[in-house]
Amino acid sequence: MSRAFTGSAGLNAMVARVAPAILELLADGVPRTKAAVVAALADRHDAGDVAAALVRLAVTGRVVETGGRYTLPPPEAA
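Along every chain, residues carry numbers that run from 1 in the direction the sequence is written. Under the rules for a predicted model, residues below a pLDDT of 70 receive no local features and side-chain atom pairs below 80 are neither given nor counted, while totals for whole chains, interfaces and linings still include all residues. Calculated side-chain values reflect all of the structure's heavy atoms, with hydrogen atoms and water omitted.

**Topic: the overall build of the protein**
So, step 1. Elements are defined by DSSP. Helices are runs of H or I of four residues or more, strands are runs of E of two residues or more, and each kind is numbered from the N terminus. For the protein, the count of helices and strands is 3 helices and 3 strands.
So, step 2. Each residue is placed in one exposure class: buried if its accessible area under a 1.4 Å probe, protein chains only, is under 20% of its type's maximum, exposed if it is over 50%, and partly exposed if it falls in between. With 78 residues in all, the protein has 28% of them scored as buried.
So, step 3. Note on areas: these come from Shrake-Rupley sampling with a 1.4 Å probe, and a residue is covered only by the protein chains present in the view. As displayed, the protein has an accessible area near 4,700 Å², and 60% of this comes from carbon and sulfur atoms.

**Considering the sheet that holds strand E2 (residues 64–66)**
So, step 1. What makes two strands pair is DSSP finding at least two bridges between them. The 3 strands are arranged E1-E3-E2 in an open sheet whose pairing can be described as antiparallel. Every interior strand has two partners, whereas the edge strands, strand E1 (32–33) and E2, have only one.
So, step 2. Here E2 runs beside strand E3 (residues 69–71); their pairing, made up of 3 bridges, is antiparallel. Pairing of Thr 66 across the sheet is with Arg 69, part of E3.

**Quick word on the pattern of salt bridges**
So, step 1. By definition, a salt bridge exists where a carboxyl oxygen of Asp or Glu is found within 4 Å of a side-chain nitrogen of Lys or Arg. Summed over the entire model, instances satisfying the criterion amount to 1 salt bridge.
So, step 2. Arg 32 is paired through a salt bridge with Asp 28; the nearest N and O atoms lie 2.8 Å apart.
So, step 3. Arg 32 sits in the buried class, given a relative accessible area of 15%.
So, step 4. Residue classification places Asp 28 among the partly exposed residues on the basis of a relative accessible area of 46%.

**Concerning the side chain of Arg 32**
So, step 1. Counting through the fold element by element, Arg 32 comes out in strand E1.
So, step 2. There is a polar contact of 2.8 Å between the side chain of Arg 32 and the side chain of Asp 28.
So, step 3. Here Val 30 takes part through its backbone oxygen, which lies 3.2 Å from a polar atom of the side chain of Arg 32.
So, step 4. Any two residues having at least one pair of non-hydrogen atoms within 4.5 Å are treated as being in contact. The residues contacting Arg 32, other than those within four sequence positions of it, are Leu 25, Leu 26, Val 37, Gly 68, Arg 69 and Tyr 70. As used in this structure description, the phrase polar contact means that two N or O atoms lie within 3.5 Å; if the pair is within protein, one of them must be able to donate a hydrogen and the other to accept it, and residues adjacent in sequence are counted only when both atoms belong to side chains.

**Examining helix H1 (residues 8–26)**
So, step 1. Taking 1.5 Å as the rise per residue, H1 with 19 residues should run 27 Å; its terminal C-alpha atoms sit 25 Å apart, in good agreement.
So, step 2. The angle between axes fitted to the seven residues ending at a residue and the seven residues starting there is what we call the bend at that residue. Of all bends in H1, the biggest is about 35 degrees, found at Val 18, and the proline Pro 20 comes one to four residues later.
So, step 3. In this structure, the buried residues of H1 make contact with E1, helix H2 (34–40), helix H3 (47–59) and E3. In this scheme, a helix's expected span is set at 1.5 Å multiplied by one less than its residue total.

**Focus: the environment of Met 14**
So, step 1. The topology assignment puts Met 14 in helix H1.
So, step 2. For Met 14, a relative accessible area of 7% corresponds to the buried category.
So, step 3. Taking the C-alpha atoms as reference, Met 14 lies 7.5 Å from Ala 53; in sequence the two are 39 residues apart.
So, step 4. Ignoring anything within four residues of it in the chain, the contact list for Met 14 reads Asp 49, Ala 52 and Ala 53.

Right under this line is the structure:
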């Protein structure tokens, strides 16, 4: 789905909607690629929203990207 940029309030609202599903998915400790995360959540969220939220979570340190795979940070880093 193509979207026009809606500003930071819209982006923050989208991340707030999608982030819990991403964090729940990654809670099992299995490293996943962005494509795998998007595919796993495709029935609940727009693919672009999942990808953007995943990047935001990585930038803010709520998930860690290593070698193209995402996981939750170690407990001591949280």
